[in-house]
Every structure is written in structure tokens, then in C-alpha cells.
Amino acid sequence: MAGKGKMPTLAEQFADVVRYLGSLETEERIKALPHLLERAPNVEVGDKWREAEDGAPAGDGGASLRHRGLRDFSLDLLPIKLDSHAALTRLDVSNNELTDLPGLASLPNLEVLSLQRNWFKALPAEIGQLQRLKELDASRNFLRPNEASLRWDKLRQLAKLQTIDLQYNQKVCRAEHREAIRNALLPHKVAVLVTVWEEMAKAPGGAGALHVGACAAQRNPALLRSQLESWGTVHLRRRLVRDFGQEPTPARDAGVDRAGVIERLLQCYRNEGLLYIDDNASGEDLNAGIGKRRTVRIDGIPVRDELLHEILTELREWRGNRRRGGSSINRERPSIDARSYMILRAPGLGENAEGDAPSRRARRMNRKMERNQRLWDLAIQAMEETDPVFAKECSEIAVTFGFTGSPHIDKQNSTPFYGLSLGDFAEGTGCVMVECSARVVAEVNTKGRLGRIDGRHPHWVTEYDGTKERFSLIYYDTVSPFQTPGPAIFSTFQR
């Protein structure tokens, strides 16, 4: 049970769904692995050597708060005495859900700071106070290559800074981003580490072996590997151990990279009959195997026919209208395979302080909303009649035409989303498929219905006749406090 005064988690709110999906996963797992009645312990790859690091005394000026599930940071959490704070030289807060480090200025002698695998959209506000900082690991967060996110003015105050690691920050992914950051930190010469996929692909044994498709739009959603591709390597390693009973593979073993982990995982699925390879195919390429996981089929909540008709009429007027953002050249999310893709942001979000001139981006968003106000109003009306609470929390609506496939995870979402699809495509096609667990997926029928799905699990659109029209409205929230993902779906009623 949630503690007194504490908001229950999604898993607690939908405990019946969690139990139901868990029972299906267990049923499938014990068919092949009867000894795994319960999932194996959560031994993440590398935990054995991490245990040695984390369990070591905090001597030599170091302190670790990694893997604590923290959303808020306080100096009181540090495993050292208050009078030792000023002497601290190394701090590791990685693998949490932190967005800031208040009190950081009280650690003036820090030389190494690890923020890896958190939820930082901007570097800590007090980062400029760490005058002795040499190494900053901010990899695998949600940082962007701009002043607001990376606080260049404060980083320039750090004369001893030698390295800043920004690898696997999704929006910091180009060679020009790396160069811009280097230039922004001048006159200090700082090594800036950035994941540039084009460079990795050109390297020996490059990214082509590590990933299939440069983005979700280029992945065949029927292939099991494509469905798994959205997960990070650590998650896939953990799945091998927890769900398939495999021995942990040392993360530092250079001989077992992401491609090796996925190959082992696909072989496990193959052994259980959950991956199908065409008998006519030459050889046995596991990457070309079709996923055959257990499927739960559910319907979203129906929207009134009259309102659906109004929304569809508005969408047809939007489609092809370049001025309104409905033309085929307007694809605001090019990593997704859609003929048109437009994002409407809730009025009033992201506005400047009173008296300040709106930014160019804000003016552009405002113009787009002015041209699509009726579409927004109708969409929100449908949500108000279904979930009035979320109607107030919805920060953006993605308006799409011809959305196909594209297995992906919505990493910026704070909460689950709702999807509504409309058009003359056939009933039971063009559904949203989402991974619920290692062996279970759910197919959510959103045609004329609002389906609630947690997009922080891999999801994609199932096949439909491409000569037919399929519009979709995706309601999501990127500004509310982050909710830890729970079940991928929120109903157990199967159609």
C-alpha cells in the first residue's frame, strides 16, 4: 500500500492489471522454464562488480547513492557525516530518477560527479559552484545542446573541468552538437563525449550490427528484433537473466556487445517458439524472425459517434493543408513513419514571463494553434468526456495521418498516453501494439476509441490497408511530475 499522504504508483492503482499480466507471463514462462515459477532475482549485468564498488567504504572522499530509486536529492542522504561534506571529492548518484541536486554548492571539493541514467533535462543549477570539478558524467539523461539545458555560462566557470560525458542523450547526437559544446566552453579545452550514430556506423563492426534501422521509421514492426530495439542494452541484459534464467554476462566483456546480447535473447525466444523464421528463408537469421508472443486484445473507450464525425471532418480539412501543418512535407517527428505528423501544444505552456517577448518557437506554436484551434477543442472535448482529469493534464496532442509501424518508446512522456484513431481503415487493423512483458504483448483497438497505453514501453501500430485513410490523435503529458511506469495497459477486459 502507498504510504499515508503519498500518491499511489501506477502499479498500485492498477494492481489487478499488474497481477493479470503477471499471471500470463508466468504461464508462458513456465512452459519452457518450469523452474522459473518466479522471475529470477534482479541481477543486472555488471551488478557483481558494482556490488564491490557500491559496498566498499566511502573512504578516499567518495560517496554513492546509485540505484536508490531517488526522485529527490538531499545532502542528508549522503552516507557520510555532515562535517565531511566539504571533503567529498567523488559523488555517484547514477541510476535514479533525479532532475536536480540542491545543495551541490556545499560540496566545493568535488572532482568527479556522475549523473548517469537519471531524468535531468538541465544540468544541476549549482554546477557552477564546483570549482574543482574535473569529470562530469551526464550520459543517458534528457539533456539538449543548448544554454538552458547545459548551462554553458556555469560550466565556463569550471577552470579544471577536463571531461563532460553526454553520450546517449537522445537530443545530443550530432558531430556539430559536440563542436558547438566545445566552442561554448572555450577558452577551456574540455573533452566532450557525444554518441554520433553516423560515426559509429562507419567504425569497424559499427552500429549496423548493434541496431537495426537508424530510427523507428526504418524498422519492420513484425520482426521481434525491431520490437526489442527500443530497449537499452542494460534492460536487454537484465531480461536474459530475469526472464530466461541466463547467467549474467559481464558488461565489461568487450566480446559481448549489444549485438551479442540481442542474438542470445533472440535465440531464447526461438527456443521457446516465440520467434518464427520462414522455412523458405536461406539460413537462420534470427534478426529476420517474426515475433509470436502471447497477445492480449482489448478495446479502448468508445467516443460518441457525433463527436467522432466532427473530429474526422476537421482532420480531413487539415490533411493536405500546408498552412495548417497537414501536408506530407510536414513531419515534425521524422523518426516515425507517418505521411503527416504535427504536434499541438496546450495553450499557455512554455510562455515567457509577463512582459517578455515570446520566443520564436512560442510564436510558431501559437500560430499553429490558431490555425487548428477547433481541432484542439474537439479533441479535448473527446478526452473530457472520457477522462476529465487527463484532459486538464494533457500538454500535447500529436496529430498524424498514415502512421505505420515504428516500434519506439516515448522517453519524454511523464505519464501514460491516450490514442484515438479515425478513418475508413478496417476495424481490427491499425491497432496500437504494446509490450507488456518479455512474452506478452497487448493489441489495443483505438478506432473510434480512446485507448490508454504507457508509451514508456515499446509500442507500434499494427498493419492496415495503406490505401485507406487512418488519422490518429495521441494525447500525452511531458510537464507533470514523472510517474514511474506501471502496467503497459490499464484494462483486463479482452475483446
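What counts and how
Position numbers for residues count from 1 along each chain, tracking the sequence in the order it is written. Only residues with pLDDT of at least 70 are given local features in this predicted model, and only at 80 or more are side-chain atom pairs given and counted; all residues enter the totals for whole chains, interfaces and linings. Values reported for side chains reflect all heavy atoms of the structure, with hydrogen atoms and water molecules removed beforehand. Strands pair, by our definition, only if DSSP identifies at least two bridges between them. Working definition: helices are DSSP H or I runs of at least four residues, strands are E runs of at least two. Numbering for both runs from the N terminus. For helices, the axis comes from a line fit to the C-alpha atoms of the stretch in contact; other axes are also lines fit to C-alpha atoms, and the angle between any two N-to-C directions lies between 0 and 180 degrees. Under the rule applied, a polar contact is a pair of N or O atoms within 3.5 Å (in protein, one hydrogen donor and one hydrogen acceptor; residues adjacent in sequence only if both atoms are side-chain atoms). It only takes one pair of heavy atoms within 4.5 Å for two residues to be counted as in contact. Ring pairs are drawn from Phe, Tyr and Trp, using the six-membered ring of Trp, whenever the two centres fall within 6.5 Å, and their geometry is named by plane angle: stacked under 30 degrees, edge-to-face over 60, tilted for the rest. Between buried and exposed lies partly exposed: a residue is buried under 20% and exposed over 50% of the maximum accessible area for its type, with that area taken using a 1.4 Å probe on protein chains only. We call a charge positioned above a ring when the Lys NZ or Arg CZ atom is no farther than 6 Å from the ring centre and deviates by at most 35 degrees from the ring normal. For this analysis, a salt bridge means a side-chain nitrogen from Lys or Arg found within 4 Å of a carboxyl oxygen belonging to Asp or Glu.

Looking now at the sheet that holds strand β5 (residues 163–165). Pairing between the strands of a sheet is mediated by backbone hydrogen bonds and can be parallel or antiparallel. One open sheet holds the six strands; their spatial order is β1-β2-β3-β4-β5-β6, and the pairing between them is parallel. Sheet topology places β1 (62–64) and β6 (191–193) at the edges, where each strand pairs with a single neighbour. Taking each pair of neighbouring strands and ignoring which way they run, the sheet shows an average axis angle of 5°.

What follows is about the side chain of Thr386. Within the secondary structure layout, Thr386 lies in helix α14 (residues 373–386). Of note is the side chain of Thr386, whose polar atom sits 3.0 Å from the backbone oxygen of Ala382. For Thr386, the residues in contact, after removing those within four places along its chain, are Ile301 and Leu450.

What follows concerns the packing of aromatic side chains. The geometry of two aromatic rings is summed up by the distance between their centres and the angle between their planes. Tallying each qualifying case throughout the model produces seven aromatic pairs. Ring geometry for Phe425 and Tyr464: centres 5.9 Å apart, planes at 55°, overall tilted. Here the residue Phe425 occupies a position in the loop between β14 (417–422) and β15 (432–435), and Tyr464 occupies one in the loop between β18 (459–461) and β19 (471–476), the gap between them amounting to 39 residues. Note on accessibility: Phe425 and Tyr464 belong to one class, buried. Every member of this aromatic cluster is reached through a ring pair, and the members are Trp119, Phe142 and Phe482. Lying over the aromatic face of Tyr168, Arg140 brings its terminal NZ or CZ to 4.1 Å of the ring centre. Against the face of Phe244 rests Arg439, its NZ or CZ located 4.3 Å from the ring centre.

What follows covers the pattern of salt bridges. For side chains of opposite charge, pairing can occur when their charged atoms come near one another. Summed over the entire model, instances satisfying the criterion amount to 25 salt bridges. Of the charged contacts, one joins Arg439 and Glu25 as a salt bridge, the two residues approaching to 2.8 Å between their closest N and O atoms. Of the two residues, Arg439 sits in the loop between β15 and β16 (440–445) while Glu25 sits in helix α2 (residues 15–32), which places them 414 residues apart along the sequence. Judged by its relative accessible area of 4%, Glu25 falls in the buried class. With its nearest N and O atoms 2.9 Å apart, the salt bridge here joins Arg304 to Glu385. Of the two residues, Arg304 sits in the loop between β10 (301–302) and α12 (305–318) while Glu385 sits in helix α14, which places them 81 residues apart along the sequence. A cluster of three or more residues bridged by salt bridges with shared partners is formed by Glu27, Glu28, Lys31 and Arg294.

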